[in-house]
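# Working through the structure, step by step
What follows is each chain in one-letter form.
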Amino acid sequence: MKLTPGLLLSSRDYIRRRLELRYFDVNTEINGKKPSSQIIPFLKYLKILDENHNISGINNSSSNEQILQHILLLFILKRDEDEDINYRWMTRAYMGIKFIRDRLDDNMNACLRQANLFNEDCKYMEGWWDIIYAYSRNKANESNQETGREGEKLSFSYEFKRVGIKPKKEYIFNTSAGYDLLSRSSHNSSEKLLIEVKSSHLPISKAEAFITKKEFKVARDHNNYKFHFWLLGQKKLAILDSELVIKEAPMNEESGVWDTFKISFKVYKDYFNTVAID
């Protein structure tokens, strides 16, 4: 499904006529086009029109600008819902308009201009982008949580196989503990091993881990603390001594300026090994 400036304007005009005219023949041409060919299927796809051609989400008080913006919002969210590869940027849309414009084709950029969504003087513009940003942040959080849980489950299985005893899933019991798993040093040792798991589906050149101040402090204060870095696509694991990671923390760690710091997986490229987990 592709949206063009012509289809966007024709859809708005169709909606406006449906709202304003007591009787409207659905075969009446809109801008030289029969609604049944593109406009009606498009609006049904967005669920603006139901099977009886009733309109939802828009009323007579809606301005032409608001109608355009409503159509665009539903279209973008629907393309993301349908997992269109051209809308993968939605997980990072919260980064702003410039980020989004660089990833849209000419048609979509033209549609956004038609709807005044690049115009700061448009009174609805800011609210529209706030909806996009909120949706994007929620989607990014869900994606990050799923990726994190995938790594945690792999580390759980890895430790269970290595030690023969199931580690405690601290990531479920206490998310602010500063580590994800409580395991043991070996199968014949009762010494506790704290493990923090970081994981990514990105290639090693782009994968990054975010270390919180709590994780930093717990790793610094415990002798037996490891980081597990997972490259999920390759099922590769780097098991890192805490010192290797915490030494990358900002120098102002005592002043309380930072809450998290970022570190690239490629720093530890020599530590990754393929892991077979049943």
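Refer to the preceding data block for the structure.
What comes next concerns the included structure. No experiment lies behind these values; they were computed from the predicted model shown.

### Topic: unusual backbone geometry
Leaving glycine aside, a negative phi is the common case for residues, and trans is the common case for peptide bonds. Here H53, not a glycine, exhibits a phi torsion of approximately 65°, which is positive. Since its relative accessible area comes to 18%, H53 is described here as buried. Even without being glycine, E83 reaches a positive phi, approximately 60°. With respect to the element layout, E83 can be found in the loop between helix 3 (64-81) and helix 4 (97-101).

### Focus: the pairing of strand 2 (residues 181-184)
For a regular strand, side chains alternate in direction, first toward one face of the sheet and then toward the other. The sheet contact formed by strand 1 (residues 168-169) and strand 2 spans 2 bridges and is antiparallel. Paired with K168 across the two strands is L182, which belongs to strand 2. Bridge count for strand 2 against strand 3 (residues 192-200) is 4 bridges, and the pairing is antiparallel. Residue pairing in the sheet places L182 in a bridge with L194 of strand 3.

### Focus on helix 6 (residues 125-163)
Since one α-helical turn is 3.6 residues long, residues separated by three or four positions face the same way. Helix length check: helix 6 (39 residues) gives 57 Å between terminal C-alpha atoms against 57 Å at 1.5 Å per residue, within 8%. Just beyond helix 6, the residue with positive phi is G164, at close to 85°.

The rules behind these values
Residues numbered from 1 in each chain as written. Predicted model: local features only at pLDDT ≥ 70, side-chain atom pairs only at ≥ 80, totals over all residues. Heavy atoms only, no water. Buried < 20%, exposed > 50% of the residue type's maximum accessible area, 1.4 Å probe, protein only. Helix = DSSP H or I, 4+ residues; strand = E, 2+ residues; numbered from the N terminus. Pairing = 2+ DSSP bridges. Expected span 1.5 Å × (residues − 1).

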